[in-house]
Amino acid sequence: MNVIETFKKNRSLYLTLFVLFLLLLLAIQGLDTSDWVITVLRGLSTGSVTFLVAAGFSLIFGLMDVLNMAHGTFFMIGAYIAWTVVVRPDTFVDVLPLALVFTAGILLREMWDRMVSKWHFSPLIKKIAPWVVLAVAGVVIFFSFSRYPVTIWDAGDFTNSPATNAFAVSQGELELPDATPFQEGASPVLVFGGIFVSGLLTGLMISLFSANRTVDEEHQKPISVRVWGGAAALLLGGILIHLFNTPISVFLWDLDKTWLFLLAMIVAILSGVILGGLMEITTIRPLYERPIYQLMLTLGLSAIGLEVVRSIWGLQEFTMPRPSIFDGQGDGCPATSFTSWAQNHCATIEILGGRVRTYNEIFIPILGILVLIGVGLLLKKTRLGMIVRAGVQDSEMVEALGINVRRVFTMIFAMGVGLAALGGAVGAPSTGLTTNLGVSLLLNVLIALAIGGLTSYPGAALGSLIVGLLQQFIVKYGQVGINLPFLDEPFKPSPPIVPAATIILMVVILLVMPNGLLGKKEQ
């Protein structure tokens, strides 16, 4: 296909991108050099956070045709989990044994898979059994988890609320609280046993929800040493962390905030992956043929997640400290070069006469680019990516080749939610934490995906970039004003125009290109 034919085929895309580029040039012309450079960097920052959530949303919808309306809530949960690791690492250490022992029980699900594949129940029992096990698991979880001591804040007590904790950390005044002991009469052995049993029951529930009643070769093989070893390692790790709770808490409490932030990112990703995997197996998988019910279910899960966050962290807004490598103050700051920043770890750096926040406008866009490249390589250069791309085209054909498409679906769903949780962890230091965080971000994500193409991974990146730049330029012109004909004073767009402008742009682009900029036409 020659250049002319390519242009004719994609002329709407090229013309739309050209018009958008001209609008960007016009917006730049109205600002000083330092102002437009800073505004572009802020747009890249906003777009990068949006992209981390939009990428996962796009992958999930592109492969599974699932509109996960709880994606914004997972973004919020990732932010709150990361805040806990950074501000209250002692609470994180208290909760970690629970998570490890519980996961050890779930990991033995392969044992249940082999047993369930040999069971033959009536259709009614098949439908009821998972929910009965879920109810029993819930009871065991409640009684065992509630008896495990966790040192935590009190959202109802202002002096020990998350907001007060966050402020005290920013001032360097928060002290490590004393560990909470086991309640009198509560046996650690029984509590850990109950937690492990609840994990086993959860694994059984998952096996029942995703049961394949045919006995295949995979289910006839013995459970691999890797599974038994992994479960034993998690169980032993949880017990050891509990036994050495105090020294580990002290170590993390004294750890530099940069290392704590890296740990928080990892924990947020893993939490998102686990929650996403459980959500797909237990709630999404039974409803693949009922998209309306999927939509309603994810909306309901979003509301539940919001209330859980409110019950644990409260309704107050509070901040999350930036990594110390991006928070330096005093002599040598603001940095005048990247060499100066590396020496002093300044919170800001001077670029073309303007100050740029090193975390918000430098680190976040770089991380967004790395994720864009990393996930892109995963989809293009790996076997998993090949299966995903083939599954998008024809999942039945992939299943016929002996590939467990259901497992791939679970992995992609988990990865998508993990990206959303990573976005929350990364965005929290720049935006602060509020229970409305997920709702506002999800709106940006949906607009970005509509602009870029709902099922297109590159489209998610392009749409997020356009939304981020548009929002930041409108915010900037709200400060300096726009000189318009027939007006004596510059017009300053008000804050409500920011979301309105992105929606208007979305409508215009969809009128020209109904599938978005990079979206493919449905066959």
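Above this text sits the structure in question.
Residues numbered from 1 in each chain as written. Predicted model: local features only at pLDDT ≥ 70, side-chain atom pairs only at ≥ 80, totals over all residues. Heavy atoms only, no water.

As for the state of the cysteines
Consideration 1: For the structure on display, the rule yields 1 disulfide.
Consideration 2: Put simply, cysteine 333 and cysteine 346 are joined by a disulfide, and their sulfur atoms are 2.1 Å apart. Disulfide cysteine 333-cysteine 346: torsion about the S-S bond near -85°, hence left-handed. You can see cysteine 333 sitting in the loop between α14 (291-313) and α15 (338-344) and its partner cysteine 346 sitting in the loop between α15 and β1 (348-351), a full 13 residues away along the chain.
Consideration 3: Residue classification places cysteine 333 among the partly exposed positions, given a relative accessible area of 22%. (Disulfide = S-S within 2.5 Å. Helix = DSSP H or I, 4+ residues; strand = E, 2+ residues; numbered from the N terminus. Buried < 20%, exposed > 50% of the residue type's maximum accessible area, 1.4 Å probe, protein only.)

As for the packing of helix α20 (residues 437-452) against helix α21 (residues 457-480)
Consideration 1: Following both chains from N to C, one finds α20 and α21 inclined at 120°, their axes separated by 7 Å at the closest point. As far as their axial angle goes, α21 and α20 are oblique. Viewed along their axes, α20 and α21 form a crossing whose handedness is right-handed. On α21, the residues touching Asn444, Ile447, Ala448, Leu449, Ile451 and Gly452 of α20 are Gly459, Ala460, Gly463, Ser464, Ile466, Val467 and Gln471. (Axes fitted to C-alpha atoms, helices over the stretch in contact; angles between N-to-C directions. Parallel < 35°, antiparallel > 145°, perpendicular 65-115°, else oblique. Left-handed = near helix turned anticlockwise from the far one by under 90°. Contact = heavy atoms within 4.5 Å.)

Some details on helix α9 (residues 188-209)
Consideration 1: Under the 1.5 Å per step criterion, the end-to-end length of α9 is 31 Å for 22 residues, consistent within 8% with the ideal 32 Å.
Consideration 2: Of all 22 residues that make up α9, 16 are buried, and the element is covered over most of its length. (Expected span 1.5 Å × (residues − 1).)

Quick word on a positive patch on the surface
Consideration 1: A cluster of like positive charges, contributed by Lys380, Lys381, Arg389 and Lys520, occupies part of the molecular surface.
Consideration 2: Relative to the helices and strands, lysine 520 resides in the segment after α22 (497-512).
Consideration 3: The exposure class assigned to lysine 520 is exposed, which follows from its relative accessible area of 68%. (Patch = residues over 30% accessible without salt bridge, like charges linked within 9 Å, V, L, I, M, F, W, Y side chains within 5 Å. Areas by Shrake-Rupley, 256 points an atom, 1.4 Å probe, with all protein chains shown as cover. Salt bridge = Lys/Arg side-chain N within 4 Å of Asp/Glu carboxyl O. Lys, Arg positive; Asp, Glu negative; His and termini not counted. Charge placed at Lys NZ, Arg CZ, Asp CG, Glu CD.)

Considering the packing of aromatic side chains
Consideration 1: Enumeration over the complete set of coordinates arrives at 16 aromatic pairs.
Consideration 2: Ring centres of phenylalanine 261 and tyrosine 359 lie 5.9 Å apart, and the angle between their planes is 80°; this geometry places the pair in the edge-to-face category. Highlighted residues: phenylalanine 261 in helix α13 (residues 257-284) and tyrosine 359 in helix α16 (residues 358-381), separated in sequence by 98 residues.
Consideration 3: For phenylalanine 261, a relative accessible area of 3% puts it in the buried group.
Consideration 4: An aromatic cluster of at least three residues, connected via ring pairs, comprises Tyr80, Trp83, Trp153, Trp313 and Phe318.
Consideration 5: Cation over ring: arginine 290 sits above tyrosine 293, and NZ or CZ is 4.1 Å from the ring centre. (Phe/Tyr/Trp six-rings, centres within 6.5 Å; stacked < 30°, edge-to-face > 60°. Lys NZ or Arg CZ within 6 Å of the ring centre and 35° of its normal.)

Here we look at the nonpolar core
Consideration 1: In this structure, Trp83, Phe318, Met320, Val371, Phe413 and Leu433 are the most contacted members of the largest nonpolar core, which totals 90 residues.
Consideration 2: Counting residues per element, this core draws most heavily on helix α3 (residues 33-64), at 14 residues.
Consideration 3: Residues contacting valine 371, with those up to four places away along its chain left out, are Phe51, Leu52, Gly376, Leu419, Leu422 and Tyr457.
Consideration 4: One finds Leu98, Val133, Ile195 and Leu200 within the second-largest nonpolar core, a separate group that totals 26 residues. (Core = buried A, V, L, I, M, F, W, Y, C linked by side-chain atoms within 4.5 Å.)

Some words on unusual backbone geometry
Consideration 1: Cis peptide bonds are those with omega within 30 degrees of zero, and the linkage from cysteine 333 to proline 334 qualifies with 0°.
Consideration 2: Checked against the element boundaries, proline 334 lands in the loop between α14 and α15.
Consideration 3: Within the chain, histidine 345 stands out as a residue other than glycine whose phi angle is a positive 55°.
Consideration 4: By the secondary structure assignment, histidine 345 is in the loop between α15 and β1.

Take it as geometry only, folks, not as evidence of what the structure does.
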